[in-house]
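# Descriptive structure summary
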Amino acid sequence: MSNAPANYADFYRQSIDQPDAFWAEQSRLIEWHKPFDRVCNYDNPPFVQWFEGGETNLCHNAVDRHLKDRADQAALIAVSSETGLEKTYTFKDLHLEVQRMAASLKALGVQKGDRVLIYMPMIAEAAFAMLACARIGAIHCVVFGGFASGSLAARIEDATPKVIVSADAGSRGGRALAYKPLLDEAIRLSNHKPEAVLLANRKLAPMAIVAGRDHLWDDLRAIHLDAQIPCEWLDSTAISYTIYTSGTTGKAKGVQRDTGGYAVALAASMKHIFDGRAGETFFSTSDIGWVVGHSYIVYGPLIGGMATILYEGLPTQGMDGKPDGAIWWSLVEKYRVTTMFSAPTAVRVLKKQDPALLKKYNLSSLRALFLAGEPLDEPTARWISEGLNVPIIDNYWQTESGWPILTVANGVEKKASKFGSPGVPMYGYNVKLLHESTGEELTVPGEKGVVVLDGPTPPGFMQTIWNDDARFVNTYWKSVPGRMVYNTFDWGIRDKDGYYFILGRTDDVINVAGHRLGTREIEESISGHLQVAEVAVVGVADALKGQVAMAFVVLKDASASQDSAVSLKLEAEIMKRVDNDLGAVARPARVRFVTALPKTRSGKLLRRAIQAVCEGRDAGDLTTMDDPAALQQVKDLVTK
Ligand code: AMP
């Protein structure tokens, strides 16, 4: 920026006080086909439209734009320690592959505005499919490959995709996980049926092909080898994608994002937050099924002209499939990674390995490790910070925001991180702490409140919930009495220097190994078991995964739980049920049987009290509790 403020405080102030001037400047970081007429339209709060009248394309900015200067530079580096495959696609190669995919999708009938659901493992084809959708103006909905048929079916039904892109199988720890049968079952369960399914065949698991519906990527790719599919110029406000995330109810929410605002937000974050430069390599260990994968495996680094590593496999497995706790560091050395992004859980896994592994490779290219998705505990942060000798930068955000809300913007001004705090509000985010019940703003350092955002939310933030504006407004913007603010549903405090500390969710969402799960979804799955009368699922602190799900079940026949063999069998059945409905990520660590659940006199489940007891904490004010014996039962079980 020519007249860039010299320090972060001024930079931030400008973003809040003069958002139009601020974001107009940032918008120059991407290429526009047609300039916009208006920077921010906030005439109809809380809905905000960024860069109205402008036309651009995410795929153009991620791929085509770079052909002029860096066609032969690495763009996508696909590495799988599951299959041993390692392949680099230059920007030129990526351009060709994306056009082949775009042509294949078009041949299957996909048009601008159609949804394409992507249910894929971490293979290059998944990124081709996302970019191909962006190229032709189709809306992609990536569903995490770890989700099973029930979750997938609900998402198919909500997104109503014309085409689904999938694969024969994923792989984890050297074991193939067949995707195709799960997909077939999900399509059977869903009322909506896609017209076509496009399948990458990795030859990891046999696939039953449904004639007329299923097509192989290899076949279509061969037909469209020389396809030239230009980018479709899209309104800045056109939907680029939806991504499902869990909330308080059982029904996942389709977080919907725009095109131009998202492109600008990512380009700006690459510069100001991640400090990544064109020609360098970015390595995010996330999965394309999560928002980090969208923003910082696929779009962000590519928009920034960086190479991005797409990694399939465990953090502790070598390319030969044998245990290797230094696999990620070997990739840092080999591809001269400058910017790495991971989750605290992954670091806690590595912490169990020999610390010498951190010194095995030359990591001199690495400038910073960003960690997000769950609270970063101090011992983990210290361990990795001392081991790598680079800044460890915690960043707090959500699927809804698309890019960091709280962190430090070292690309603007170098600022020290504080252990335990993700940092300060990022430009564009008007972060406040409000009193839970009065809605009053808390201004005294150290007071605990709900973290909220005052509108307008910045570019890149969710536009709405797919197909449900009312739910968007009611869920996020009307939950604090008397105030129209965006509720993050996180508790937080702010210290005297303006650094925030996140203290956990205010709702029934839990965070297992960085994966956000709704306890209600798990409860719904468990309730489907014929012998279950009632169930409460809570998140309980866990040293490795941050939190794990614990289920407390009341059986229809209470005597069944007295027999330990029967209860063990039931526990296994219930876990299997959750595996089948939602996927192993949602499986409770334990299922415990009780004869009653702790509730208020009005019948509301006291989840927070159950959680407190499981974590050995004080259960708080229980004056409204109906039956104290029920909580005692939970206590007895967990302290046994
Ligand atoms: P997701 O939408 O899956 O990314 O989950 C977002 C939620 O994860 C937030 O609302 C927080 O509860 C939690 N979270 C994400 N990043 C952090 C962080 N750096 N520190 C503490 N909690 C975090």
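See the structure printed just above.
Structure report, in brief. (Residues numbered from 1 in each chain as written. Predicted model: local features only at pLDDT ≥ 70, side-chain atom pairs only at ≥ 80, totals over all residues. Heavy atoms only, no water.)

### Structural notes on the packing of aromatic side chains
Counted by the stated rule, this structure contains 41 aromatic pairs. Between Y296 and F341, the aromatic rings sit 6.0 Å apart at their centres with planes inclined by 15°, giving stacked as the arrangement. Here Y296, found in helix α11 (residues 291–303), pairs with F341, found in strand β18 (residues 337–342); they are 45 residues apart in sequence, far enough to count as distant. The exposure class assigned to Y296 is buried, which follows from its relative accessible area of 0%. F341 gets classed as buried once you look at its relative accessible area, which sits at 2%. In this structure, R155 packs its charged tip against the face of F147, placed 4.7 Å from the ring centre. (Phe/Tyr/Trp six-rings, centres within 6.5 Å; stacked < 30°, edge-to-face > 60°. Helix = DSSP H or I, 4+ residues; strand = E, 2+ residues; numbered from the N terminus. Buried < 20%, exposed > 50% of the residue type's maximum accessible area, 1.4 Å probe, protein only. Lys NZ or Arg CZ within 6 Å of the ring centre and 35° of its normal.)

### Observations regarding helix α17 (residues 564–581)
Counted at 1.5 Å a residue, the expected span for α17 with its 18 residues is 26 Å, and the 26 Å between its end C-alpha atoms agrees. Among all positions of α17, only S567, L570, E571, I574, M575 and V578 are buried. The arc enclosing the buried residues of α17, seen along the axis, measures out at 135°, which places them on a common side. When the buried face of α17 is taken as reference, the exposed residues oriented beyond 90 degrees from it are A565, L568, K569 and K576. Tucked inside the fold, the buried residues of α17 contact α16 (519–527), β30 (532–542), β31 (546–555) and β32 (590–594). For α17, the side-chain oxygen to backbone nitrogen distance between the N-cap and A565 is 2.9 Å, and the N-cap itself is D563. Just downstream of α17 lies G583, where phi reads positive at about 115°. (Expected span 1.5 Å × (residues − 1). Arc of directions from axis to C-beta. Contact = heavy atoms within 4.5 Å. Polar contact = N/O pair within 3.5 Å; in protein donor to acceptor, adjacent residues only side chain to side chain.)

### Some points on the sheet that holds strand β7 (residues 139–142)
Spatial ordering of the open sheet is given by β12-β11-β8-β6-β7-β14-β15-β25, a layout of eight strands whose pairing is mixed. Whereas interior strands pair on both sides, the edge strands pair on one side only; in this sheet they are β12 (214–216) and β25 (464–465). With two bridges connecting them, strand β15 (residues 253–257) and β25 associate as antiparallel partners. Bridging across to β25, Q256 finds its partner in T464. (Pairing = 2+ DSSP bridges.)

### Focus: the pattern of salt bridges
For the coordinates displayed, the defined rule picks out 39 salt bridges. Where D214 meets R213, a salt bridge forms, and the shortest distance between an N and an O atom there is 2.7 Å. Pair check on accessibility: D214 and R213 agree, each one buried. Salt bridges sharing common partners tie together K180, D184, R213 and D214. (Salt bridge = Lys/Arg side-chain N within 4 Å of Asp/Glu carboxyl O.)

### Details of the side chain of S269
Among the structural elements, S269 can be located in helix α10 (residues 260–272). S269 sits in the buried class, given a relative accessible area of 0%. Discounting chain neighbours no more than four positions away, the residues touching S269 are F274, D275, Y296, W403 and Y427.

### Let's talk about the packing of helix α5 (residues 91–107) against helix α6 (residues 124–136)
The interhelical angle for the contact between α5 and α6, taken along N-to-C directions, is 70°, at an axis separation of 8 Å. One way to sum up the angle between α5 and α6 is to call them roughly perpendicular. Here α5 runs over α6; the crossing is right-handed. Together, L94, H95, E97, V98, Q99, M101, A102, L105 and K106 of α5 and E125, F128, A129, L131, A132, C133, R135 and I136 of α6 make up the contact between the two elements. Classifying every residue of the contact of α5 with α6 by side-chain character gives eleven nonpolar, two polar and four charged. (Axes fitted to C-alpha atoms, helices over the stretch in contact; angles between N-to-C directions. Parallel < 35°, antiparallel > 145°, perpendicular 65-115°, else oblique. Left-handed = near helix turned anticlockwise from the far one by under 90°. Nonpolar A, V, L, I, M, F, W, Y, C, P; charged D, E, K, R; others polar.)

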